[in-house]
Amino acid sequence: SDSTARLWKLDGSPVIVLPHESNINSIDSNRDVTTVCWNGDGSLLATGSYDGAARIWDKNGRLQKTLNKHQGPVFALKWNKKGNYLLSGGVDKTTIVWDVQLGEVKQHFALHNDPVIDVDWQGNNCFASCSTDKNIQVCKLGSEKPIQTFTGHQSVVNVVKWDPSCNLLASCSDDHTAKIWSMKQSHCIHDLSEHSADIYTIQWSAANSTTPLLLATASHDTTVRLWEPERGLCLQTLRKHEDPVYSVAFSPDGKLLASGSFDTYLCIWSVQDGSLLHHYKGTSGIFEVCWNEAGNKLAASFQDSSVCVVDLRNLSSVS
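S.K.: I keep staring at the overall build of the chain and nothing clicks. Help me out?
M.R.: Along the backbone of the chain there are zero helices and 29 strands. Relative to the 2.2 N^0.38 estimate, which gives 20 Å for 319 residues, the radius of gyration of the chain is 19 Å and therefore close to what a compact globule would have. Expressed along its principal axes, the backbone C-alpha trace of the chain runs to roughly 55 × 50 × 35 Å. Here the chain holds 319 residues, and the buried ones make up 52% of them. Long-range pairs, those at least 24 residues apart, make up 39% of the contacts in the chain with a sequence separation of at least 6. By element, 46% of the accessible surface of the chain is carried by carbon and sulfur atoms, the whole surface being about 14700 Å².

This is the structure we're talking about:
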């Protein structure tokens, strides 16, 4: 909320501050940064802001492009797999596909009736978006109409995510449910309804030949659940947190799950049996957790404006 994004290096180098200066097209002086997203090779970072702009930076913190089109805060950003397009969604009810090299709009979609909360690419040319209008739209570049519309949620849809194979789409909502969808039919194939409060986020496990595909859901009911998507079965309910859980992340090998909650705890769980392996008490509520590529470090961002990195190699097991 200080109108900056920051690049931190773990070798002790000075932090790189990415200031979000006033946007001449902004209808609001608020420049809070709402979302950040690296491209696939880590060479470019996209940031979205309340001033309605998406910005692209290089890894040294130099501003490369400022993308102005949204008429209000940008809530979601995602790069496609090739890295040539950036997808944005905003409070103006629209999604925009940007040509990154040109810094221009590739296609503008106005298909929702209320603000767009999240977006996710299915591949390089198709994507899903969700909204406070309770609907999910699946769109394709070059087509003005959605190629699929998923309805069934009874409240705000918070997150949409394609599984690693891009065959299944998961969504979660303030209606206490998560749902799994297939492009082969318009109604959900599984309605995951065992949570007792809003589901804030979801996460698929990585594609891995040694571990099964799983979906994790994190809820305001203080629990995390692990689901087997083929049958829609809840395999584990992870209970340790005492406040809403805002973030979950699978380790790269799919064997561990990290969760972060407003109770200040970062927890690390065994996916196989649901046991709590480690927990770390932070300084305030946790908004986001993220693994490094090697799976031996976890980053967490906190409500008190701090960011911490936990090295699992230095943690002892929890009894």
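Picking up after the structure, the text goes on.
S.K.: Before we go on, may I ask you to explain the sheet that holds strand β8 (residues 85-90) in this structure?
M.R.: Picture the strands of a sheet paired through backbone hydrogen bonds; they go either parallel or antiparallel. Strands sit in the order β7-β8-β9-β10 across an open sheet of four strands; the sheet is antiparallel. Looking at which strands have only one partner, the edges of the open sheet turn out to be β7 (74-79) and β10 (104-109). The average undirected angle you get between the axes of adjacent strands in this sheet is 20°. In the sheet, strand β9 (residues 95-99) pairs with β10 via five bridges, with the strands oriented antiparallel. The residue bridging V97 from the neighbouring strand is Q107, located in β10.

S.K.: I keep staring at the pattern of salt bridges and nothing clicks. Help me out?
M.R.: Any two side chains of opposite charge can pair, given that their charged atoms come close. Under the counting rule described, the total for this entry stands at nine salt bridges. Between R225 and E194 there is a salt bridge, with the nearest N and O atoms lying 3.0 Å from each other. Of this pair, R225 sits in strand β21 (residues 223-228) while E194 is found in the loop between β18 (190-192) and β19 (199-204), placing the two residues 31 residues apart along the sequence. Salt bridges sharing common partners tie together K78, D118 and D120.

S.K.: Hey, could you run me through the pairing of β9 in this one?
M.R.: Counting buried positions over the five residues of β9 gives five, a clear majority of the element. Two strands pair when backbone bridges link them, and β8 and β9 are joined in this way by five bridges, in the antiparallel orientation. The residue of β9 that forms the bridge with Y85 is D99. The hairpin formed by β8 and β9 contains four residues between the paired strands, and K93 there has a positive phi angle of roughly 80°.

S.K.: Would you mind showing me how to read the environment of D41 here?
M.R.: With respect to the element layout, D41 can be found in the loop between β3 (33-38) and β4 (44-49). For D41, a relative accessible area of 62% gives the class exposed. The spacing of D41 and G83 is 42 residues in sequence and 8.6 Å in space, taken between C-alpha atoms. A polar contact of 3.1 Å, which involves the side chain of D41, links it to the side chain of N39.

S.K.: Explain the environment of V105 here, please?
M.R.: Among the secondary structure elements, V105 is positioned in strand β10. Of the residues examined, V105 reaches a relative accessible area of 35% and is grouped as partly exposed. A C-alpha to C-alpha distance of 38 Å links V105 and F262, two positions 157 residues apart in sequence. With residues near it in sequence (within four places) discarded, V105 still touches K69, I96, V97 and W98.

S.K.: Just checking my understanding: could you explain the sheet that holds strand β28 (residues 297-302) for this structure?
M.R.: The antiparallel open sheet is built from three strands, whose spatial order is β27-β28-β29. A strand with exactly one partner marks an edge of an open sheet, and here the two such strands are β27 (286-291) and β29 (307-311). Along the sheet, successive strands turn relative to each other by an average axial angle of 20°, direction set aside. Sheet topology places β27 next to β28; five bridges connect them, and they run antiparallel. In the sheet register, W291 faces β28, and the bridge partner there is L298.

Conventions and cut-offs
- Residues numbered from 1 in each chain as written.
- Predicted model: local features only at pLDDT ≥ 70, side-chain atom pairs only at ≥ 80, totals over all residues.
- Heavy atoms only, no water.
- Helix = DSSP H or I, 4+ residues; strand = E, 2+ residues; numbered from the N terminus.
- Rg over C-alpha atoms; globule rule 2.2 N^0.38 Å.
- Buried < 20%, exposed > 50% of the residue type's maximum accessible area, 1.4 Å probe, protein only.
- Contact = heavy atoms within 4.5 Å.
- Areas by Shrake-Rupley, 256 points an atom, 1.4 Å probe, with all protein chains shown as cover.
- Pairing = 2+ DSSP bridges.
- Axes fitted to C-alpha atoms, helices over the stretch in contact; angles between N-to-C directions.
- Salt bridge = Lys/Arg side-chain N within 4 Å of Asp/Glu carboxyl O.
- Polar contact = N/O pair within 3.5 Å; in protein donor to acceptor, adjacent residues only side chain to side chain.

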